[in-house]
Amino acid sequence: MPLKHPSSATGRSQDLAVAPLFSLETGTIPRHELPDGELPPDVAYQIVHDELMLDGNARLNVATFVTTWMEPQAEKLMAECFDKNMIDKDEYPQTAELEARCVSILSNLWHAPEAAEATGCSTTGSSEAAMLGGLALKRRWQKRRQAEGKPADKPNLVMGINVQVCWEKFANYWDVEMRLVPMEGDRFTLSADEAVERCDENTIGVVAILGSTFDGAYEPVAEICKALDALQAETGLDVPVHVDGASGAMIAPFLDPDLEWDFRLPRVASINTSGHKYGLVYPGVGWVVWRDADALPGDLVFWVNYLGDNMPTFALNFSRPGAQVVGQYYNFIRLGVDGYRKVQGYARDVATRLSSRIAELGPFELLTRGDELPVFAFTLKDEIENFTAFDVSNALRERGWQVPAYTFPENRTDLAALRVVVRRGFTHDLADLLVSDLERQLPRLEAQATPVHDQTTGAAFAH
Ligand SMILES: Cc1ncc(COP(=O)(O)O)c(C=O)c1O
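Worth saying up front: this structure is predicted, and the values here are computed from it rather than measured.

S.K.: What am I meant to see in the site of the ligand here?
M.R.: In the vicinity of the ligand, 13 residues are found, and the nearest of them are Ser126, Ser127, Asp244, His276 and Lys277. Here Ser127 contributes a side-chain N or O atom positioned 2.6 Å from an oxygen atom of the ligand. Between Ser274 and the ligand, the recorded distance is 2.8 Å, taken from a side-chain N or O atom to an oxygen atom. For the shell around the ligand, a count of residues per class yields three nonpolar, eight polar and two charged.

Okay, structure coming up:
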């Protein structure tokens, strides 16, 4: 006889079903296999919750660029949308509408000439956005080459060696040669001359980073565009620029409004940003916007007949959470220009004050000050030989701070630095605590006979 659910109309039991709580505390469950049976939700919750206590404290993590604090109202809205799939535009037309509004808002913010007809989309982050921006550059170049009857099988992309790993992935996944400009002396970013020198008829574009991951410095986008204008005048080569504004595209519009880095420069074809960095949303949301519809070849856009509607999609993923896009729209209307200016301005204030306090401690030398992205890198003075940047990072970890130490790439692999990312939620007070902890650890480090940690034994850090 089939069992009846206790609350079904015909088989109603007089007894109330009580779920056993915490009944498995002395039992075990396999770590790497699906358990045979079920667990009560409270027990499952407690097990996972307890294990996660070993993760670092997100607010003390000055390694990440990604948002670690949002307002409770934003969290509530996002929780209300956890079940919405971004791709179901027919089922959730209002979420789709909010995505389109966010694209228009960014398009306007970045001075696209036809912002009313904004071309762009949300992504899972800047990495996916970079792939889409890169693909559009490659396809435009291929079409032009084919139209001219020329070979289109050896595309290359010019960028600084300081690019984030997403660009290496792009080049690898889509068979594009990376033309990397190495660092030289105290130049840690791409320069206009070095970029132009590497361009030829197979160059699909130049990537300029607004806010280098290594040290927070802006690359000179306007100078790079000007040098490419001169190249075109001289040789006829028309090389577009993609701006990787993962962080800076949500800083510069508010704090450096006169800096021309965006679609005000006619050569800038596309821009990406991470909504989950200085867009101030929890991970993962990113954005890519093209200057106009012409910059995105139509044959990259798929028209999908899905659940009764015909809709355009340009993305690497299909299903994706809608909550982050809603969180982004919340931030846009909640903060507006003034709010973003205040939040980012405060972060820059904290960053520049913190960097100058660190410089005053004695053994450190600043590579950047935090006056572009609210991010700065510092190294040890040449005369310090008995401890390393990795020792400093480890010493700070003892107090819970995650301050990454890393060596710079080719040509400057001799340089080991520490980096601090100041984000929303990192206050002057926390910055003072960080300086106090650094001050407290210095006598011990200075008393060390020889270095203890290097890049192989220090805290792991990957960009
Ligand atoms: C300059 C730059 N580009 C791209 C990325 C990748 O961003 P995401 O983590 O949003 O994929 C980062 C991440 O730090 C970055 O700093």
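And the narrative resumes.
S.K.: Can you walk me through the sheet that holds strand β13 (residues 416-421) in this structure?
M.R.: The pairing of strands in a sheet comes from backbone hydrogen bonds and takes either a parallel or an antiparallel form. Ordered by their spatial adjacency, four strands build an open sheet running β10-β11-β13-β12, and the pairing between neighbours is antiparallel. Two strands lie at the open edges of the sheet, namely β10 (364-366) and β12 (405-407), each paired on one side alone. Sheet twist, expressed as the mean angle between neighbouring strand axes with direction ignored, is 40°. Both β10 and strand β11 (residues 375-380) contribute to a ladder of three bridges, which runs antiparallel. Residue pairing across strands places Phe364 opposite Leu380, the latter belonging to β11.

S.K.: Any chance you could explain the sheet that holds strand β6 (residues 268-274) here in plain terms?
M.R.: Reading across the sheet, the seven strands line up as β1-β7-β6-β5-β4-β2-β3 and stay open at both edges, with mixed pairing between neighbours. Each having just a single partner strand, β1 (119-123) and β3 (177-181) make up the two edges of the open sheet. Across this sheet, the average inter-strand angle for adjacent strands is 20°, counted without regard to direction. Here strand β2 (residues 156-160) runs beside strand β4 (residues 203-209); their pairing, made up of three bridges, is parallel. By the bridge assignment for β4, Leu157 is matched with Gly205.

Definitions and cut-offs
- Residues numbered from 1 in each chain as written.
- Predicted model: local features only at pLDDT ≥ 70, side-chain atom pairs only at ≥ 80, totals over all residues.
- Heavy atoms only, no water.
- Near = heavy atom within 4 Å.
- Polar contact = N/O pair within 3.5 Å; in protein donor to acceptor, adjacent residues only side chain to side chain.
- Nonpolar A, V, L, I, M, F, W, Y, C, P; charged D, E, K, R; others polar.
- Pairing = 2+ DSSP bridges.
- Helix = DSSP H or I, 4+ residues; strand = E, 2+ residues; numbered from the N terminus.
- Axes fitted to C-alpha atoms, helices over the stretch in contact; angles between N-to-C directions.

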